[in-house]
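What follows is each chain in one-letter form.
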Amino acid sequence: MPCSDQRALRDWLDDTANSDSAVLNGPDAQVPLGALAQGSSLDVDVARLADQSVLIATRDQLTTALALIELDGVARRLTLLPPDFPRGHVPAIVAKAEIDAAVVSEDTCEGNIAAALKVICRPPIAPVGRPRLDPRATEWVMFTSGTTGVPKMVVHSLAGLTAAIARRERRSETIVWSTFYDIRRYGGLQILLRAILDGGSMVLSDAHEPVADFLLRLGRLGVTHISGTPSHWRRALMSPQARAIAPRSVRLSGEISDQAILDNLRSFYAPAPVVHAYASTEAGVAFEVRDGLEGFPASVIGAPGEVEMKVVGGTLRILSPRTAARYLGEAAALIDADGFVDTGDMLQLRGERYYFAGRRGGIINVGGLKVHPEEVEAVINRHPQVRMSLVLPRKNPITGAIVVADVVLKADAATDNAAGRIGALRSEIMELCRARLPQHKVPAMIRFVPSLNVAASGKLERPHA
Amino acid sequence: MTTKLIISSEIEKVASEQKVTLAPLSDDLVLLSSGLDSLCFAILVARLEDTLGVDPFTASDDVSFPVTLADFVKAYDNAVQ
């Protein structure tokens, strides 16, 4: 809808403290934000994308960032395609988001994007005049990672996405932001928006860049504020180049931060504060924990403020202006009758603190990638000698959790089992899983058990279910 | 079998299962250059917990993350003592 009081992302470039010196750094190219304020990275007149629903499907994060800055306030809808998005689902989301145009990289071959207009975005900024366009409140569409089938599309506004970002006084110190996340994910986008609103530079990661090279690049560019999941950070600390950076602020989000990773980061990057934040694509940024301890103070729940939280049935619910507006093309409601998002994250109260206790329904988070146990069980159960199986999370210091399976064999197989076929059967089931599932969903361990508990409902008993 | 031999054997097993090419397992091998990714390490640490009865990266508050294979073996040696 037309909107006159909402600032577009590009408007921030004009008045941020360091916009002259602020730079977006990709692995292969750099773009001064000041140049973007005076030109364009797109190969069409931006007016052609006014009021359009635009899919941003560029190969790299730098061009995605450029397209977002240019098109917020212009396009009707911007849909951010994550890099690992299953290509088979692209036609479905093109239809659902009513895509009119796609922004792609020069070297991308996106034959399956059926958009009327293909726009190429490339880093050198052409000094072109910008037409006067009526400002619009652009919808930002991101994808969830926690569902089976086609990922859900979550509709945000720039106002909601930036509501958690505290504007600071103008200052002379240089801020260089970075994140191990991809900016096409909620956690990464938050850091890009912080950089733009706060007038800092930003160093973008690249999935194909080795951790050591990224750390060296961060060190060369003098990163001061950096975020990642606990799994990202564990990997960074295992790199000989972990000392290449000396950040002034370290942030974790996206997975449960355990005490070991918080302590490690605090001692490694002292005196930088180590903050862990709770955020999700649907609920937005809810709260930050600054005391260096895992979990969060129980007083956070029910405390008055912009973000209101409560625990219902052991699960965290959040009412917040940072919450997404709705799912796109889904009948399912994003919020409950009282306006709260049900996060599905289970909490345990111990003393004066809440601790995260995994996901309701047994969804397993392996280094930020979600696994539905039922999907893995369905594959295991295809083996002719398997009667039933139960897939479970096992806590892990590297990826937060890994997938393990308890398997009940059919009677004849159990006899074979006794005869020494156990190792062969385990290998066969693993091979079956490897052939049909991505690596993070394949059970790391299979245990053969005589039986599994079945509840009165006739369903397998699951932890937290 | 020494801790180091048990660890080397588990590393080779995980690498073979995950179909990754493993660098020669020398003491100064940088783990991130070994060919194993985060998921491989996650599986390795879980398997070693079952074999050796310890997970030094969860058990202790002050253990640092290992950079080389020697660091990794040392973390287990310290934990099993």
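Treat the numbers as computed from the prediction; the structure is a model and nothing was measured.

## Quick word on the overall build of chain B
The helix and strand inventory of chain B stands at four helices and zero strands. Starting at the N terminus and ending at the C terminus, chain B contains elements arranged as α-α-α-α. Taken over the C-alpha trace, chain B has a radius of gyration of 12 Å; the compact-globule value for 81 residues is 12 Å, and the two agree within 12%. Dimensions of chain B, computed from C-alpha atoms along their principal axes, come out at roughly 30 × 25 × 25 Å. For chain B, with 81 residues in total, the buried portion stands at 33%. A separation threshold of at least 6 residues defines the contact pool for chain B, and within that pool the share at least 24 residues apart is 56%.

## Here we look at the overall build of chain A
Each helix and strand in chain A was counted, giving eleven helices and 26 strands. For 465 residues, the compact-globule formula gives about 23 Å, and the C-alpha radius of gyration of chain A, at 24 Å, lands near that figure. A burial count over chain A gives 45% of its 465 residues as buried. Across chain A, every contact between residues at least 6 apart in sequence was considered, and the portion connecting residues at least 24 apart equals 66%.

## Some points on unusual backbone geometry
Between Ala-270 of chain A and Pro-271 of chain A the backbone carries a cis peptide bond, its omega angle lying at 10°. One non-glycine residue with positive phi stands out, namely Glu-98 of chain A, at about 50°. Tracing the backbone shows Glu-98 of chain A in the loop between α4 (90–96) and β6 (101–104). A positive phi angle is found at Lys-19 of chain B, which is not glycine, with a value near 55°. With respect to the element layout, Lys-19 of chain B can be found in the loop between α1 (3–17) and α2 (38–52). You can call Lys-19 of chain B exposed: it has 8 C-beta atoms within 10 Å.

## Notes on the confidence of the model for chain B
This prediction gives chain B a mean pLDDT of 91; 94% of its residues lie at or above 70. Interface predicted TM-score (ipTM) for the complex: 0.93; the corresponding pTM is 0.86.

## What about the domain arrangement of chain A?
Interfaces are often sized by the accessible area lost when the parts come together. All names here are of chain A. The domains assigned to chain A are domain 1 (9–346) and domain 2 (363–448). Relative placement of domain 1 and domain 2: their C-alpha centres are 34 Å apart. Contacts between the two partners involve eleven residues from domain 1, matched on the other side by twelve residues from domain 2. Of all the elements, helix α8 (residues 230–237) adds the most residues to the side of domain 1 that touches domain 2, at three residues. Looking at the side of domain 1 that touches domain 2 residue by residue, the class counts come to three nonpolar, six polar and two charged.

## Quick look at the pairing of strand β21 (residues 353–359) of chain A
Residues and elements named next belong to chain A. Inspection of the sheet shows strand β16 (residues 296–297) paired to β21 by two bridges, in the antiparallel sense. Each bridged residue has a counterpart across the sheet, and for Pro-297 the counterpart in β21 is Arg-353. With five bridges joining them, strand β20 (residues 341–350) and β21 adopt antiparallel strand pairing. When the bridges of β21 are listed, Asp-345 appears paired with Arg-359.

## Describing the packing of α1 of chain B against helix α4 (residues 69–80) of chain B
Residues and elements named next belong to chain B. Interhelical geometry of α1 versus α4 gives an angle of 130° and a closest axis separation of 10 Å. Considering their axes alone, α1 and α4 lie oblique with respect to each other. The two elements α1 and α4 cross, and the hand of that crossing is right-handed. Contacts between α1 and α4 involve Thr-3, Lys-4 and Ile-7 from the first element and Phe-72, Val-73, Tyr-76, Asp-77 and Val-80 from the second. Of the residues that constitute the contact of α1 with α4, the class distribution is five nonpolar, one polar and two charged.

## Here we look at the interface of chain A and chain B
Taken together, the contact between chain A and chain B spans 24 residues of the former and 19 residues of the latter. At the level of elements, α7 (211–220), α8, α9 (259–268) and β24 (386–396) of chain A are the ones that each hand at least two residues to the side of chain A that touches chain B. Taken together, the residues of the side of chain A that touches chain B break down into eleven nonpolar, nine polar and four charged.

## A look at the sheet that holds strand β19 (residues 326–327) of chain A
Think of a sheet as strands paired side by side through backbone hydrogen bonds, with each pair either parallel or antiparallel. All names here are of chain A. What the eight strands build is an open sheet, ordered β3-β7-β6-β4-β5-β8-β9-β19; its pairing is mixed. The strands lining the two open edges of the sheet, one partner per strand, are β3 (40–42) and β19. Pairing between β6 and strand β7 (residues 117–126): four bridges, direction parallel. By the bridge assignment, Ala-101 is partnered in β7 with Leu-117.

## Digging into the sheet that holds strand β25 (residues 400–409) of chain A
Taken in spatial order, the three strands line up as β24-β25-β26 (chain A) in an open sheet, and their pairing is mixed. Only two strands of the sheet have a single partner each, and these edge strands are β24 and β26 (445–448) of chain A. Recorded for the sheet is a direction-independent mean angle of 25° between the axes of neighbouring strands. Two strands pair when backbone bridges link them, and β25 of chain A and β26 of chain A are joined in this way by four bridges, in the parallel orientation. Paired with Val-404 of chain A across the two strands is Met-445 of chain A, which belongs to β26 of chain A. The strands that helix α10 (residues 373–380) of chain A touches are β24 and β25 of chain A; relative to β24 of chain A, the one it contacts most, it runs at about 140°. Seen against the sheet, α2 of chain B touches β24, β25 and β26 of chain A and runs at an angle of roughly 100° to β24 of chain A.

## Topic: the packing of α1 of chain B against α2 of chain B
All names here are of chain B. Where α1 meets α2, the axes come as close as 10 Å, and the angle between the chain directions of the two elements is 135°. With respect to α2, the element α1 is oriented oblique. Taken as a pair, α1 and α2 cross one another with a handedness that is right-handed. Packed against α1, whose contacting residues are Thr-3, Ile-6, Ile-7, Glu-10, Ile-11, Val-14 and Ala-15, the element α2 presents Cys-40, Ile-43, Leu-44, Arg-47, Leu-48, Thr-51 and Leu-52 at the interface.

## So, the environment of Leu-192 of chain A
Residue and element names in this part refer to chain A. With respect to the helices and strands, the residue Leu-192 is situated in helix α6 (residues 186–198). Through-space distance from the C-alpha of Leu-192 to that of Asp-45 is 25 Å; in sequence the pair is 147 residues apart. Setting aside residues no more than four positions away along its own chain, Leu-192 makes contact with Ala-65, Ile-183 and Met-202.

The rules behind the values
Every residue gets a number counted from 1 within its own chain, in the order that chain's sequence is written. Chain labels run from A onward and ligand labels from 1 onward, assigned in the order the entries are written. Two thresholds apply to this predicted model, a pLDDT of at least 70 for residue-level local features and 80 or more for giving and counting side-chain atom pairs, whereas whole-chain, interface and lining totals are computed over all residues. Elements are defined by DSSP. Helices are runs of H or I of four residues or more, strands are runs of E of two residues or more, and each kind is numbered from the N terminus. Note on method: radius of gyration uses C-alpha positions; expected globular size equals 2.2 Å times residues raised to 0.38. Exposure classification rests on a simple neighbour count of other C-beta atoms within 10 Å of a residue's own: a residue reaching 20 or more is buried, one at 12 or fewer is exposed, and one in between is partly exposed. C-beta atoms are placed from the backbone. By the convention adopted here, residues are in contact when the distance between their C-beta atoms, placed from the backbone, does not exceed 7 Å. pLDDT measures the predictor's confidence residue by residue and takes values from 0 up to 100. Just so you know, the domain bounds were taken from an automatic or database domain assignment. Residue polarity follows a fixed list, in which Ala, Val, Leu, Ile, Met, Phe, Trp, Tyr, Cys and Pro are nonpolar, Asp, Glu, Lys and Arg are charged, and the others, Gly among them, are polar. The rule for pairing is simple: two strands pair if DSSP sees at least two bridges between them. Angles shown run from 0 to 180 degrees and are taken between the N-to-C directions of axes, each axis being a line fitted to C-alpha atoms and, for helices, limited to the stretch in contact. These descriptions rest on fixed angle ranges, namely under 35 degrees for roughly parallel, over 145 for roughly antiparallel, 65 to 115 for roughly perpendicular, and the rest for oblique. Crossing handedness is read from the near helix: turned anticlockwise from the far helix by less than a right angle, it gives a left-handed crossing, and turned clockwise, a right-handed one.

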